[in-house]
Amino acid sequence: MKKFVLFLAATAFMFAACTPKDPDTPDGPDGPDDPEEQVAITIDGNFDDWAALDASKVAVAKNDPNSPWDAVKQMRVYANPDFVFYYFEIDNAQVKELLESAVGTYINSEGKESPNTLNMRINLNTDGEFTSGYENYHLQCYDFIIEGTLAQDGKWDTFADATLHQRINKKWVTIMNGGQGLTMGAGNGNKFEIMLTRELFNNAAAGSSEPKPMGDIFQTGLRFYGAEWSELSNLPNAAITDDNAQGWGNMLEIVTDK
Ligand SMILES: [Ca+2]
C-alpha cells in the first residue's frame, strides 16, 4: 500500500514538473507565505478572530455559578505549534469597578509601596503527571506559572511583563524575566486575549535544572488577582462540595492544532 501511494505521489510530482507555464500569467501562486503558518489570533483587542476559529479545537471553561467566584465568566485556549492563545471574559457588571480599583499604589506585605494592579497567573503542567509541582488552586499539581500585570492606572495593560517561574524542590524559581517577548496581551471592554510564544517558553523550560518543555498536549488554568493582590477567581473552577471545599477545578487539557 505504501509503495502504491509513493508511486502516485511521484507521478503527481512529475506531472506538475512537466506542466508548461502559461506565458500569460506571472509565476504561480506559490509564495513564501504558507497560509497554514500564519498567526491564528492577532493580539489587538478585537475578538472576531476568536469567533472565526474551529470551535472543536478551542478548549473552553465557564465559571461554575456554585463556585466561590463570579468575576471571570469564561476562558478559552487555542494552541498551534508556534503559540498558545488565551482569551477570557470578565463579568460585564464588574469590569468597570475592577479596572477602577487598579489605580495608584498600596503598601504591600513587605511594607513597600507598590503599584496597585490587577494580575493574573497562567498555570501550566507540561510533564504529563499531576502529583508533583504546585498543589494549590487546581485539582491537579502543575509545574509552571507565568505571572504578569493585566491592568493598571485604571485600564488594561499588556501582560508583557509576565515572568516565568518553575516549581523546583517545593520553591518557585524564576527561569525567565518579563519583557522578553514571552507573552503579549490586549484587553478591550470586558475581554482580554494573550499570545504565549512556545519557543521562548521551551527554551527557558529546557534550560532549567528540571527540564520540562511543553509538548503537543499539556494542561493549563488561570488564576486572577484583584487590587492589592486580593483573590479574584480561578478558572476552571467547580461547585463547592464536601470533597472540594475550595471549588477548585480540573485544568483544561490542550491538544495542539497541527
Ligand atoms: Ca484579536
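Residues numbered from 1 in each chain as written. Predicted model: local features only at pLDDT ≥ 70, side-chain atom pairs only at ≥ 80, totals over all residues.

Attention now moves to the confidence of the model for the chain. Low-pLDDT portions of the prediction should not be read for the details of their coordinates. When pLDDT is averaged along the chain, the result is 89; 85% of the residues meet or exceed 70. Note on residues 1–32: pLDDT under 50 across the span, and 0 contacts to partners over four residues away in sequence or across chains. (pLDDT = per-residue confidence, 0-100. Contact = placed C-beta atoms within 7 Å.)

Glancing now at the pairing of strand β2 (residues 72–79). Summarising burial for β2: 6 of the 8 residues are buried, a large majority. As judged from the 7 bridges shared by β2 and strand β3 (residues 83–90), these two strands associate in the antiparallel manner. Along β3, the bridge assignment pairs A79 with V84. Counting the residues in the hairpin turn of β2 and β3 gives 3 residues. (Buried ≥ 20, exposed ≤ 12 C-beta atoms within 10 Å, placed from the backbone. Helix = DSSP H or I, 4+ residues; strand = E, 2+ residues; numbered from the N terminus. Pairing = 2+ DSSP bridges.)

As a further point, take the environment of T158. One can find T158 in the loop between β8 (155–156) and β9 (163–168). Given 16 C-beta atoms within a 10 Å radius, T158 is considered partly exposed. With 28 residues separating them along the chain, T158 and A186 place their C-alpha atoms 5.4 Å apart. With residues near it in sequence (within four places) discarded, T158 still touches M184, G185 and A186.

Okay, the pairing of β3 next. Each regular strand displays side chains that alternate between the two surfaces of the sheet. In terms of burial, β3 is largely enclosed, as 7 of its 8 residues are buried. As paired elements, β3 and strand β12 (residues 191–197) share 7 bridges and run antiparallel to each other. Within β12, the position partnered with Y87 by the bridge is E193.

With respect to the secondary-structure elements, E135 resides in the loop between β6 (118–125) and β7 (144–152). Considered as a pair, E135 and K170 are 35 residues apart in the sequence and their alpha carbons are 9.8 Å apart.

A word on helix α4 (residues 198–206). What α4 keeps buried is the set F201, A204 and A205. What you see down the axis of α4 is that its buried residues fit within an arc of 95 degrees, all on one side. (Arc of directions from axis to C-beta.)

This part covers the sheet that holds strand β11 (residues 183–188). Judged by pairing direction, the sheet is antiparallel, and its 5 strands sit side by side in the order β1-β2-β3-β12-β11 without closing on themselves. Only two strands of the sheet have a single neighbouring strand rather than two, namely β1 (59–62) and β11. When the angles between neighbouring strand axes are averaged without regard to direction, this sheet yields 15 degrees. Its contacts with the sheet place α4 against β3 and β12, and it is angled at close to 55 degrees to β12. (Axes fitted to C-alpha atoms, helices over the stretch in contact; angles between N-to-C directions.)

With that settled, consider the nonpolar core. Counting 52 residues, the largest nonpolar core has M75, V77, F85, Y86, L164 and L196 as the members making the most contacts within it. Counting residues per element, this core draws most heavily on β3, which supplies 7 residues. With sequence-adjacent residues up to four places away left out, V77 is seen in contact with A59, V84, F85, Y86, T220, L252 and I254. (Core = buried A, V, L, I, M, F, W, Y, C linked by C-beta atoms within 7 Å.)

The topology assignment puts E89 in strand β3. The spatial distance from the C-alpha of E89 to the C-alpha of N188 is 9.9 Å, given a sequence separation of 99 residues. In contact with E89, other than residues within four places in its own chain, are K73, Q74, N190 and K191.

With an omega of -10 degrees, the peptide bond between L235 and P236 qualifies as cis. Within the fold, P236 resides in the loop between β14 (231–235) and β15 (252–255). Its identity is not glycine, yet Y137 carries a phi of approximately 85 degrees, on the positive side. Within the secondary structure, Y137 sits in the loop between β6 and β7. C-beta crowding within 10 Å serves as the criterion here: with 19 such atoms nearby, Y137 is assigned to the partly exposed category. One non-glycine residue, W229, lies in the positive phi region at around 60 degrees. In this structure, W229 sits in the loop between β13 (217–225) and β14. When the 15 C-beta atoms within 10 Å are taken as the criterion, W229 is described as partly exposed.

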